[in-house]
Every structure is written in C-alpha cells, then in structure tokens.
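Residue-level structure breakdown
The primary structure of each chain is shown beneath.
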Amino acid sequence: MMSNNSLLHLLKPLGLALVVLHSVGCVSLERLVKVPAQPELATVKSYNTELHRQSIHLFNPIPLDSRVAHLSLEPRVKNLFFLVDQSSVMSGQFRGVETRFYAREMVRRFAQTMPDQSYSGALLKYDQQPNPRRQELLVTNFTADDVEQALGSPGSMEQIESDSLATALDKVSELISRVEGSSAVILITSWSQIDKAVEHAVMRMRQRSSFEGGMGIVDSKPESMPWQGSRSGVCLYTLGIGNRLSRTRLETVDSCGYSVAANKVAQPRDMTHFVQSVLYKGPADTDGDGIYDYRDRCPDTSAGRIVDFSGCLRFVTSEGGNFK
Amino acid sequence: MIKILMKAPVVLVLFVTAVGQLVVADERLGVSTLEDMQRRQAIVAAQTGSTETHQPERIIVVKDPSVISDDQPSQIEQKVSNALDPVSLEEEIQQQTVQSSLELFGYEMFSGNAATFTPISGAPVPQDYVIGPGDTFTIQAYSAADVQYTLTVTREGMILVPEAGAISVSGLTFDEAKGVISKTIESQRIGIKTVVTLSELRSIQVMLVGEVVQPGSYAVSGFSTLINALISSSGIKRTGSLRNIQVKRGGKVIASMDLYKLLLNGDDSANVYLRQGDLIFVPPIGATVGIAGDVLRPAIYEIRQERTVGQVLRLAGDLLPTANKAQAQIERVSNAGLYTLLQADLAKHGKGIEVKNGDLIRVLPILDKMDDVVLLSGHVLTPGGYQWRKKMNIADLISSTNILRQGAEFDVAMVQRENRRDKRTEVIYFNLGEALANKASDSNIRLQPRDQVIIFNTHSARAEQLSRVVLKMKREATADSPVKSIEFKGFLRHPGVYPLQPGTRLLDMINNVGGLESGVDQDYALLARTDLSTDRLYFVQISLREALRAKNGDHNPMLQSKDKIYLFDKDMNRSELINDPVERIKRETGFGEIAPVVQVSGAVFHPGTYPMVPGMRVKDLVKAAGGMKEEAYGIAATLSRQVLLDNEFSRTDSLSISLTRKGHLLETTDLILHPKDHLVLREKPEWVEKPKHVTIEGEVIYPGSYRIDKRESLCSLVQRVGGFTEDAYLFGSVFLRESVRKKEQKALDRMFDQLERLAADVHVSQGVEKDQKMPKDQSAEDVFRVLKQLSPEKAPGRMVIDMEEAVTHCDEVSDVVLEDGDRIIVPKVQDEVSVIGQVYFPTSHKYRSGRAALDYIGLSGGTKELAQHEHAYIVQANGEVMSVRSKASTWGWFMSPSNVKVTPGSTVYVPLSVDRINGRESFATWVDIFYKNTIGVAAMINLIK
C-alpha cells in the first residue's frame, strides 16, 4: 500500500487529490467520511495536510453556530477542559492511525465543530514524559482557533506530568475547583487506561465539584491534602479510543456526562451532536410552557395554561368571553 | 211494482223511499218481513178468491260481493286510528299528494244490475195513480149472491161491468175510479156492495233519449217514476248530466230533475210518475269541477248553479278536520291554454273564489305533526305527551316528584329540543332537583312546544337511553356541522356517547353523565379532540384536580363535537383504553413528523404508550402512568431518546433523569419530552418484592415460619430459632427446597416420558430374538399399565445438607443460604433402621453401631428369590443414598465394600430383579425408576415419623 502511495507521489502534484481519493477507495480502513464524487466539494481547504500525511480520514465539520442560533440552545457549561492522554499507553495504532494522534484529532474535531466562542478552561495533555517547561497549570480563555494552534504544535500544549491517569485527573479536579461555574471535562484516552484508580479519581472529581469546599482527602499516601471544593458541578465525558463498544464504567446514576467510543463521534454529524450535548442543554423555553422557543409562536404564555404544539393557548375560547 | 237489485245501501234506502216503502228488505236475512208477506197474501186471496196460501215470493236482495268486501276504513277512520297511536314527536315525510284518481260523482247509482224488472204485484196502489187502458180491476160485489169480476180497461178507457154497463175510468185517479165504479154499480143494482181493487197494472211506454246508456223505448210499469225508468234502462252515461234530467210530456217539459238534490239532500220532488208516452231526455254533462284530498267525498262534480269554491266544497261534503285549510290548491286551465295553480286559503277568502269548468281543487292534509305538546319520557311513572302552555317550564310539567320513579336521577335530566330555526336537534341538560326545589332557578328551564324531557335513573346505562337522540343527531350531522356528541370512556358510572349541549364545560358534562367516581385519577385524564377543520386528532392532558380548583381554567375546557374523554382509575389498563386513538395518531403522522407518543415502562403503575401532549415533561408522563410504584428507584430514571441527525440519521441517546436532585447540570423531571421518548423507571436495588419465608419444624426451640432477609443463612436462622432441643437428630435433618423439588420432578417426568416411548418402540420393533426377550402375550397395554402404576410420587425435593457442620462452623463452605419456601425439619433422635423391599420380612430394627447394611438385610430374613441383592441400597438418615456395593462411602467408615455402615434412621431397600419379571430390553431404566421412586418414599419416611 505504501509502495503504491510512494509510487503515486512521483506523479504530478496536481494528481494529489486524485491519489487521496484513490487511496480512500482501496484502503480498507474505516471510511469516516463519504468522499463526494465532485472534487470541488471536497476542497483542498478542508483538507488538513497533517491528516493527509497520517491518514486519509477527512473531516468536514458541521459547525454548531447556526444550530445554536436557530434552536436558541441553552449553554450547559461555562468551562471546558480537555484532558488528552498522550502517554505511552497510547503509543499503539488504532485502525491504522497512531492512537496519540487519534486522540488529538478528536480534540481538533471538537474545536472545529464548537461554536465560535471563547471558553475558559484548559487543553491539557497527560504524559509520563517529564514536562520540559514545568510551569503551573493555568486556566485560560480559549477559542477554537487556539485549540487548533495548540494541536498544531503538540509541544505547546499544557502538559500534566504524572505517572498515572488518576493523578492527572486529580490535577484537573484541582483546576476545576478554581473556576466559577460548571465545567465539562472531556477525557480522551484508551479504554484500557480506565482502571479502578481512574474510577476513584472520577468519583473524587464529582464529589469535589458537588460539595462545599474544605474537605480532606484520605489517600494511601500519608500526606493528606486539603481540597478546595466547589458546588459548581462537573460533567465528565470520556472518549475512549480502542473499539466501538462504549464503556460506562465511569458513569453513575444521577451524574452528568457519559462515555462514548471515539470512533462513534468521529463523523461530522455525530461530532456535532456530541459537542451539542456537551456544551448545551437543549433549546430554551423562556415562558416555560414546554414548547421550545424556536417553535413557540406565542413566546409569552402565562404559566399553567394548556398550549398546543406551536406554544399558543389550546383553548382560545376560554380566553375569550367565558374566561373570568 | 219494480223490484230492483241495488248496489249501494244509500241507493237502496233512497229507492225504497221513492217507491213508497213497498219493499222493506231485511238486508241480513235477504227476505221480506212477515208483515209484508201477510199483506201480500191477503191481496192475492182477494184477487183469486181462494184462501189457499201462496208460497210467498221472496224478494232477495242480492248484494254485490264486491260491495260486501268493500269494508275498508274510511278516510276519517284511518286518520283517527293514526291519532290513537301514542304521542310521538317523530315526523314522517309527507308527500303533498291527494287521491290518485277521481270519479264522477253520482254515476255509481246506475251501476247496479237491474235485469230483474218484474213489477211488484203485491203493493198497494197509490191513490193518485191515474187509471188508463190496460189496467185490470177486480170488482167484488156481494149482496144476495157474491160475484167477482175481473175487468180490464178498454182502449176507450172504459170498463164493461156486466149488468151495469160501461164505466169510463180512464184519466181518473185510482181513488176517483174506485168511487165511480162503486157508485155506478151500487146505483144500478140496489142492495149491492162492491169492493174495487186494482189487480193488474197496465204497462206504459216511455222513451229515453240523450246521454243514456241504452236509449230507446221502454215498457215500464205504470207505477214507474223517472228514476225507476232511468235505472231500468241501465242509467245515464258518464257523459250525461245528472243535474238536468228532463221529462217531456206532450212536447212540454213537465219535470226537470237534479239528481244531486236527491243524492245530497234526499229531495225527490222532481221524481215524477211517468205516463204513457213520456220522453226522458238526459242532456250532456255540463261544467265539472274536481275536488280531491281531505274532503268527505272526493270526486268530480258537475256544477250548475254553484259558482264558488265554497259551494263546490259543500257538494263534496265539506272539508275533513285534517284538511289544511290554508293551503288548498286549484289547478285550472288558464285562458292561455296552460295549467295554472291557484293557492286558496279556505279559512279566509278562499271559499269565495269562483270556479271554472275543469278546475281541480286539491285540499292537502295538514302536516302530520304534533304541536303544542311536550313529551315526558324516561324514568317516570306517566310517560307520554302533555299539553304545552305558554310560559311552561320544567316544574309545571313535573308538578310533583310523585310521577318520578324510584331511583330517578335528580342531579341531571335532559331536554331534547328541536331548533325551530335550523331544524336540528338540540339538548339541554339541567338539574332536576334544583328545578323542582327552586322554581326561580336557572335549572327550571322554559319549555318550548315539542320539547322532550328525559328523566334518567341513577343505575342503568344512560348512554343507551340516549342512543336514539345521538343517532338522530348523527343523522342530522353534515360536514359543516359535525354531530354534536361526545364520548366518555373509562372510569365513569355511565360511559358512552352523549349528546353535547354547546358551551358545556368538561366538569359539567362529567356531572351530566353521572359525576366523578371516587377513585378516579385526578391528575391524569385525557381529552381526545378532533380538529374540526383538519380532522386530525390531538390530545389534551387534563388534571381534574386543577379543573376542580379553577372551574373556568384550561383544565375544564368547553367541549366540542366529537370530543372523547378518557378518565382513569388506579386499576384499569390505560394503554388498552387509549390504544385506538394513539394508533390513530400514529397513523395520521406523515413524513417529516414524528408521532407524538411517548412510552414509559418499569416501576410505574401503568406502563405503556401514552400520547405526547404539547409541553409534556417527564413528570407529566409519570403522572400519566399513574405514578411510581413503591419499589421504584427514586433517584434516577433513564430516558431513551431518538435523535435525528441532519433530520435523517437516527441515533438513540440515553439520558439519565434525576428524580429527586435539582442540579443545573442534571436532567430533571422538568425535562421536556420529545416524541417517541421512552422513560424507564428502575426498581430499587435489591427490592424485596415478596417477603421470603422459611419454615423450620421439629426439634428446635421456637419452630415456625420465619421471614428471612436476602442471603440469610441456615446458621443465622438456627440462631433465631433458639437452637435445637436435646432430642434433635441433626444428622437426620430434612431440608426441602422448592427449586430442588421442581428439578427432580422434571427429571423424573422426563425419564418416564422416555421410558414410555421406549416401551412403545420396543413393542413395535421387530428386534433380534424379540420373542425370547419379551413374552408374546405381553401387549402394549400391559406395559403402559405397569408404567402407570410406577408413576412417581411427587418428588420430595430434599437437599442433603450437613446440619451440624452448618450450625457449628457458620462459614461460607458449610453454611446454606436459604431460599423462599425452604422447609427444614429436624427430627427426633431415631434408633431404628428399616429394611423394605424384597426381603422376607420387611421391618425395622434397632440401630446398633456394630451392624452394617447386609446385617440388617439378614435380620429381616434375607433377600427373596426375586430380589436383586447386588442392587440393594441404603437411604441414610440425612438423605444420602448409597449402594451396599459402594466402594466409596462418604463417611469413610465402611468395613467392607459390600457391607456399608448405616446410620440410625436409615432405610435399606432391596429392589426387585426386573430381569425376572420380563424380557425388557432396558432393564437398567426400570431399575432407575424403582430406585428414584423408592428414594422418594424413603426420604418421606423420616418426615412421617
């Protein structure tokens, strides 16, 4: 296959797009994107060169902005934290793609899909490698473009140097406790990373964000650290890379967030749905009549009235003459 | 004398009058009366001088058979009998028609058969009868010698009396002639007395011309009148006038007869006696006017001096009471030669309208419609029509509660009314009790004519009582005005279809159909409404609680046509009840829509599919499902949602719904549902649906039934029952478990099944040397009979446990986790060993530690000939079974392989050698059967003790 590719690389650069298309056809990898027959639709601009070198997967994002505006979606979280596992566990390949890259790619796709808006939070990677910069983790404001940039040079990503994912999660918890408002944590790792320690770390994170501050944590280590808690709440979403089957080990009833296999949300429309469910609750309903604003033709119904599917009063007659 | 046969009784009477009461016919007997016969006899005797009695001539008036059968009820009778039916407000469609054919009036008078036209001989001669040639006198003279003469008037008009000469009598009346004859004879012959009678009448010749059936010259009796002559000549043609019949004598019209006067007024003044040579002229018919419909005698009348409709009506016997006076019609040929129609109001000026020749007056019947009447029906003692008065109201109609039957519904009654304007049926519900108690109340509604007041009763199906009303309204319905009926379903006293009074709110209507029942789900009711413009169904979720709180609020809406209301209680199957409309909603959902139904399952009272109403939230769905059950897990539920990506690609999301906590990150029960959402409510973890009980009996301190927790063990149970008594024989404890029993039973049943099949197979198979293996005389029936006898007892379900180990160590290895229905029996110490089966003396022996199985068999006399001693086995006291040949005893205290040690309370069984009984091929199976069977028996032995 590679020889085929290298052979084709000798051909005219103009044929590159065709090469890519050809490769899509003959590689039996998962076809995440249906390559359109018209080449002008799959424009070069939407191709990420990095992607081309690594994989033939295409991503044509469906941005959420118009959807948010149309449905007047209500934001769910204020802060957004990505924790991307770049440790040695991720050194393998998944469907012909390096797992580490796959994890970064998920963040990129998320960012491409998410609305053009600034979020506070952090884009963190977890690695056993020593952090060359050793700087303190910071909560910053970032936009989709910032994410794109950071992913472009992996070295510039904030790194959590840790020997286990559980510890890394604890550090994220620490960050969350500093911010105001609710947070979403998107953990991108391999399913095999999720063990008991990670489960406990997630539980800690949840409890920490749901209780008042100032509780101690009992650890196996003798030094127990005072933890700052907040009641802001956290939603943890796990994107597992490994196989199609989603794992629910990190989910408990009555908690926010869920886990899903990364390849299940990799397609544009799936990613859109995922991003929407992470960042937004649902369409707003300001008058509380149970009809979303975007289809509510009578947006100021008084409470307790029976409405129809367009949000207007069902019994107009009782409003007239007889309604005392 | 004219004897006639007549057709119509009217004519008969008339004619008898005309003839002068000559014939008094008794219609029933068909013979003349006695008096009449005697008189005739006398006359005959006078004429003939003999006294012998003549056989009286019967004058039989033969009735035309068609007349006899023609006893159809007259128009009046028909109308009265219709009116005798019970008062009903039902209207039938009336055709604006009258009789289909009309006849000319009066002509049927001549339709009788007048063939027998012999003169009546026995009638008295009218005094004014004019004598003419041909008349025959009988003169009797008596003095010294009686003589009798029969003399005929000569052509010269004289009679020639012997010894008295000719007497001129012609032209005299009978009376005068009698006088002249007597005088002449008596004057000429002194001392003689005479009696003069007329014995035979002369015939006269009359001429009938004009519009008669048979014109010509007729010889009729001298007594004949004009009518006699007309009838005898078969009468007047239909083209002839009845009103201007002329009799001409000597060129002059001496009489002009109007038969109508005779027929209508009985005036026969113009009915003259005919004389010789008279000419009867019937001119053609004059102007005619037909009159049809509701008059006494619909017919075509010839008019003469009648000029107006009123006069014509008088000819026709005037109007019937059912005639519609205001709406008579006159059909007339106009001057232009066309038919026209005049409308005549006979009550006003209509009678004055002039009639013209050829007019047809139609008198239509009045509308067959009861007016000014109100009908009381339903649960009353005196149902029926009542007179309507102005300002009449309910209390006036139902003057006292006495006319209501026992059990009448006071809270609601109904008035069925015909809208006078658009002719539609309307209903008004009212409170009967209030109407009667308080005459000024609104319930005491003003009645209109033709109202029908329906009284309900509290117990019988109300909707059925109203089904006719509903049907009527349904028939009146059009696409523009749909049937004003609504349907109630579910938890009501009287569910069904009811007519709707416009503007009624839900609660009022519920009240009308019997009121809310206690136990109705106040939080969830459904109103299925059909959008009348699009004819699509939609649902409204109603909270009766809210409706009761705010009577004018949204939850107590005005009902409209075709509404269906579903009320629920705690028990009924809701999904089944609303299945139809929900299915309809699904059917009506087109492309680009999602059927607005949501589903709930799990720990709710009524799981199922419910219609999604606008703005429905998770909590509403829980309410719809009757609420959560006690075992529902109250913290979280799962909502599965079908999401369409890009409107086409379906994904299923799973949302966790927090039922108690309110976090802004969590989905709560306020979550707005989407169509096709599916809510699953879980059960509480480790929910004990049914408490578990075990029974412990026998030698324990507190035997009885104990409720156990999950995973409770035998050890803890024994601690709860206070331990064992001194006599307890722990080794012999029997532990019965239902699940084990079922398993055993199943194994046993299956084994028998197989055996049965095997037996059948063996029986039909050829087999090698079959004869040797199976005796020929053994039939299949025998085999099956044996099988039947062998059918196993109920499997005991005994589980072998080590009680002692369990209660002393209480660890995971030795302890037993109890299940529901476990039964533990701790027996007393037993010190006997039973030996049963093929031994000579099956009995029990005292246990001695030194003895083993074979010793006990020996003590029972040893094995019999049929015994299979190598298959003998022991059922130990704890339920373990071991063969005497067992090489590995679980106790490990065996002495020899063939002499297993027994424990106190055990049973030694020596089975029958099956080989000896028959040549069954599979004796091993038989052994198995016996074996299993006896284990059961042996295990139960301990229980019995």
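Structure: above.
A short tour of the structure in this document, coming up. Every value quoted in this text rests on a predicted model; they were computed, and no experiment measured them. Each chain carries its own residue numbering, running from 1 in the direction its sequence is written. A letter from A marks each chain and a number from 1 marks each ligand, given out in the order of writing. Residue-level local features of this predicted model are given only where pLDDT is at least 70; pairs of side-chain atoms are given and counted only at 80 or more, and the full residue set underlies all totals for whole chains, interfaces and linings. As a rule here, side-chain values cover all heavy atoms of the structure and leave hydrogens and water aside.

1. Brief notes about the sheet that holds strand S24 (residues 536–542) of chain B
The strands making up a sheet are joined through hydrogen bonds of the backbone, oriented either antiparallel or parallel. Residue and element names in this part refer to chain B. Should DSSP find at least two bridges between two strands, the strands are taken to pair. Put simply, DSSP H or I for four residues or longer makes a helix, DSSP E for two residues or longer makes a strand, and each gets a number counted from the N terminus. If you walk across this open sheet you meet the five strands as S22-S21-S25-S23-S24, and the pairing is mixed. With one partner strand each, in any of the chains shown, strand S22 (496–499) and S24 form the two edges of the open sheet. For this sheet, the mean angle separating the axes of adjacent strands, direction not counted, is 20 degrees. Note: strand S21 (residues 485–490) against strand S25 (residues 564–569), four bridges, orientation parallel. Paired with Phe-488 across the two strands is Ile-565, which belongs to S25. The convention used is that axes are lines fitted to C-alpha atoms, helices contributing only their stretch in contact, and that angles between N-to-C directions extend from 0 to 180 degrees.

2. Some points on unusual backbone geometry
All names here are of chain B. Unlike most non-glycine residues, Lys-423 shows phi in positive territory, near 60 degrees. Assignment of secondary structure puts Lys-423 in the loop between strand S18 (408–418) and strand S19 (425–430). Note on classification: 1.4 Å probe, protein chains only; a residue is buried when its accessible area is under 20% of the maximum for its type, exposed when over 50%, partly exposed between these limits. Classification of Lys-423 as exposed rests on a relative accessible area of 52%. With a phi angle near 60 degrees, Asp-535 is a residue other than glycine that sits in the positive phi range. On the secondary structure map, Asp-535 appears in the loop between strand S23 (520–531) and S24.

3. As for the packing of helix H7 (residues 165–176) of chain A against helix H8 (residues 196–208) of chain A
All names here are of chain A. Contact geometry for H7 and H8: axes closest at 8 Å, N-to-C directions at 10 degrees. As the angle between them shows, H7 and H8 are arranged roughly parallel. Where H7 abuts H8, its residues Leu-165, Ala-166, Leu-169, Asp-170, Val-172, Ser-173, Glu-174 and Ile-176 lie against Ala-197, Val-198, Ala-201, Val-202, Arg-204, Met-205 and Arg-208. In the scheme used here, Gly and all other residues not listed as nonpolar or charged are polar, with Ala, Val, Leu, Ile, Met, Phe, Trp, Tyr, Cys and Pro taken as nonpolar and Asp, Glu, Lys and Arg as charged. Per-class residue counts for the contact of H7 with H8 are ten nonpolar, one polar and four charged. In this scheme, roughly parallel covers angles under 35 degrees and roughly antiparallel covers those over 145, while 65 to 115 is roughly perpendicular and the rest are oblique. A contact between two residues is defined here by any heavy atoms of the two lying within 4.5 Å.

4. Details of the interface of chain A and chain B
Contact residues are listed per partner, giving 35 residues for chain A and 38 residues for chain B. Here chain A meets chain B over a buried area of about 3000 Å², counting both sides, of which 55% is carbon and sulfur. A pairing counts as a salt bridge when a side-chain nitrogen of Lys or Arg comes within 4 Å of a carboxyl oxygen of Asp or Glu. Remark: the boundary between chain A and chain B carries four salt bridges. Of the charged contacts in the structure, one is a salt bridge between Arg305(A) and Asp554(B), with a shortest N-O distance of 2.6 Å. Elements with a contribution of two residues or more to the side of chain A that touches chain B: strand S11 (234–241) and helix H10 (268–279) of chain A. Ranked by residue count, the leading element in the side of chain A that touches chain B is H10(A), at three residues. By definition, the buried area sums, over both parts, the 1.4 Å-probe accessible area that each loses when the two are put together.

5. Digging into the packing of aromatic side chains
Given two aromatic rings, their pairing is described by the distance between the two centres and the angle made by the two planes. A pair of aromatic rings is counted whenever rings of Phe, Tyr or Trp (Trp by its six-membered ring) have centres within 6.5 Å, and the orientation is called stacked for planes under 30 degrees apart, edge-to-face for over 60 and tilted otherwise. This structure, assessed with the given rule, holds 15 aromatic pairs over all chains. When the centroid spacing of 4.9 Å and the interplanar angle of 35 degrees are considered together, the rings of Phe105(B) and Tyr301(B) count as tilted. With Phe105(B) in the loop between helix H4 (75–83) and strand S1 (136–142) and Tyr301(B) in strand S12 (residues 299–302), this residue pair connects regions lying 196 residues apart in the sequence. When sorted by exposure, Phe105(B) lands in the same class as Tyr301(B), which is buried. Each ring, one from Tyr873(B) and one from Tyr909(B), has its centre 5.4 Å from the other, and the planes form 40 degrees; the classification is tilted. Of this pair, Tyr873(B) sits in strand S38 (residues 873–875) while Tyr909(B) is found in strand S40 (residues 907–910), placing the two residues 36 residues apart along the sequence. Tyr909(B) matches Tyr873(B) in its accessibility class, with the two residues each being buried. Ring-over charges, as used throughout, are those where CZ of Arg or NZ of Lys falls within 6 Å of the ring centre and within 35 degrees of the ring normal. The aromatic ring of Tyr538(B) is capped on one face by Arg314(A), whose charged end is 3.6 Å from the ring centroid. One Lys or Arg, Lys248(B), reaches over the ring of Phe281(B) and ends 5.5 Å from the middle of that ring.

6. Section: the pairing of strand S30 (residues 678–683) of chain B
Residue and element names in this part refer to chain B. Where strand S26 (residues 597–602) lies against S30, four bridges are found, and the strand directions are parallel. Across the sheet, the residue bridging to Gln-599 is His-678, located in S30. Bridge count between strand S28 (residues 632–645) and S30: five bridges; the pairing is antiparallel. The residue bridging Ser-640 from the neighbouring strand is His-678, located in S30.

7. Some details on the packing of helix H5 (residues 99–113) of chain A against helix H6 (residues 144–152) of chain A
All names here are of chain A. Put simply, H5 and H6 touch, their axes get as near as 8 Å, and they point 160 degrees apart. The orientation of H5 with respect to H6, classified from their angle, is roughly antiparallel. Crossing angle aside, the handedness with which H5 passes H6 is left-handed. Contacts between H5 and H6 involve Arg-104, Val-107, Arg-108, Ala-111 and Gln-112 from the first element and Ala-144, Val-147, Glu-148 and Leu-151 from the second. The residue inventory of the contact of H5 with H6, partitioned by class, reads five nonpolar, one polar and three charged. Take the far helix as your reference; a near helix turned counterclockwise from it by less than a right angle gives a left-handed crossing, and one turned clockwise gives a right-handed crossing.

8. Focus on the sheet that holds strand S11 (residues 288–293) of chain B
Residues and elements named next belong to chain B. Sheet architecture is open: five strands sit in the order S12-S11-S15-S13-S14, paired in mixed fashion. Of all strands in the sheet, those bounded by a partner on one side alone are S12 and strand S14 (339–344). Put simply, the sheet's adjacent strands are angled 20 degrees from each other on average, direction ignored. Two strands pair when backbone bridges link them, and S11 and strand S15 (residues 359–363) are joined in this way by five bridges, in the parallel orientation.

Structural measurements only, silent on function.
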